[in-house]
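Now for the letters of each chain:
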Amino acid sequence: MDLVAEAGIDVSDWSNFRGGPSKARVNPKYCYEWAFDDGEKIVITLWHDELIRENGAIERRFNLNAHVKTEQNGNRKARRTRLRAALTHALNAKLPVRVIVVDGTRGALGKDTAKVKARLLDPAPWAVVHIRGDGEILLRRGMAAAPSVDQFSISELGSDEPNRRAVSGSVIARDGAVRRAVLDRSLGLCEYCKAPGFRTSGGQIYLETHHVVPLSEGGSDRPTNVIALCPNDHRKAHHSSKKDEIRMKLLKILESI
Ligand SMILES: [Zn+2]
Ligand SMILES: [Zn+2]
């Protein structure tokens, strides 16, 4: 329940049963649920051991249609149907999916006897890559379905982009491929504070790209010197009284990536 709330879903109705607020987290209407969809935000649970690494990405591939047909347990069948509806919604509306990763042992097929040892809200958003006609669903960690954009990609920000002069320093042409690589590397999260970028009106994830050592000081225009930041941290990197300290921290982060 705490993780669902942390992902931004309203959990006040969990208290609305005979167990009352003190038992809210074991409200059977919600606590076994696999998907939460409030119309704007979608949260699902995935088993850690079912995640696979493919082509450098973390993915989960499964077929809900097959399961829905063979499932005997009515509750689980309904949960699967709701999970499929939530993921279809995410795909169609290009919404990111937040994932609660669950570790433990599953119970017998068709039973609610799983023993959960650990739960974690993945800080990175996931995307529904496809839902095929035969029901196969592919989920991928990162923002595959909603590419990130930075301050240089959005023309409507216009000339009053506050860091424009400080950011550019000169008229050296920037390498769009480097920014692209950095934004992809960020998975849509500020690489300093780990907060997700906000969603633009075009449905993309907005972060800013920053040269940790400015080009004017001989810094390189390579991913090893460029970091993806939320707008607030980007301003701090340029204007904060602690900007030297921040630069050291950013260099450390880039070293560890
Ligand atoms: Zn940040
Ligand atoms: Zn900058």
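The preceding data block contains the structure.
Some remarks on the side chain of histidine 211
Consideration 1: For histidine 211, the position within the fold is in strand 12 (residues 208-211).
Consideration 2: The buried category is assigned to histidine 211, whose relative accessible area is 7%.
Consideration 3: Side chain to side chain, histidine 211 and aspartate 221 meet in a polar contact 2.7 Å long.

Some thoughts on the coordination of the zinc ion (ligand 1)
Consideration 1: Donor atoms from the polypeptide that coordinate the zinc ion (ligand 1) comprise Cys190 (SG), Cys193 (SG), Cys230 (SG) and Asp233 (OD), at 1.9 to 2.3 Å from the metal.
Consideration 2: Taken together, the four donor atoms coordinating the zinc ion (ligand 1) and their angles of 102 to 117 degrees define a geometry best described as tetrahedral.
Consideration 3: Taking relative accessible area as the criterion, cysteine 190 reaches 0% and is therefore assigned buried.

Some thoughts on the pattern of salt bridges
Consideration 1: Applying the stated criterion across every chain, the model contains 17 salt bridges.
Consideration 2: With its nearest N and O atoms 3.3 Å apart, the salt bridge here joins arginine 25 to aspartate 2. Residue arginine 25 is found in the loop between helix 1 (2-6) and strand 1 (35-37), and its partner aspartate 2 is found in helix 1; the two are separated by 23 residues along the sequence.
Consideration 3: A relative accessible area of 46% means that aspartate 2 is categorised as partly exposed.
Consideration 4: With a shortest N-O distance of 2.8 Å, aspartate 134 and arginine 132 are connected by a salt bridge.
Consideration 5: Connected through salt bridges with shared partners, the residues Glu59, Arg61, Arg132, Asp134, Glu136 and Arg140 form a single ionic network.

Quick word on the packing of aromatic side chains
Consideration 1: The tally for this structure, following the rule as stated, stands at three aromatic pairs.
Consideration 2: Relative to tyrosine 30, the ring of tryptophan 14 has its centre 5.3 Å away and its plane inclined at 10 degrees; by these criteria the two rings are stacked. One end of the pair, tryptophan 14, is in the loop between helix 1 and strand 1; the other, tyrosine 30, is in the loop between helix 1 and strand 1, with 16 residues separating them in the sequence.
Consideration 3: Through successive ring pairs, a cluster of aromatic residues spans Trp14, Tyr30 and Phe36.
Consideration 4: The ring of tryptophan 34 has arginine 79 lying over it, and the distance from NZ or CZ to the ring centre is 5.7 Å.

Analysis parameters
Residues numbered from 1 in each chain as written. Chains lettered and ligands numbered in written order. Predicted model: local features only at pLDDT ≥ 70, side-chain atom pairs only at ≥ 80, totals over all residues. Heavy atoms only, no water. Helix = DSSP H or I, 4+ residues; strand = E, 2+ residues; numbered from the N terminus. Buried < 20%, exposed > 50% of the residue type's maximum accessible area, 1.4 Å probe, protein only. Polar contact = N/O pair within 3.5 Å; in protein donor to acceptor, adjacent residues only side chain to side chain. Donors = N, O, S within 2.8 Å, 3.2 Å for Na, K, Ca; no water. Tetrahedral: all angles 85-135°; square planar, octahedral: opposite > 155°, others 65-115°. Salt bridge = Lys/Arg side-chain N within 4 Å of Asp/Glu carboxyl O. Phe/Tyr/Trp six-rings, centres within 6.5 Å; stacked < 30°, edge-to-face > 60°. Lys NZ or Arg CZ within 6 Å of the ring centre and 35° of its normal.

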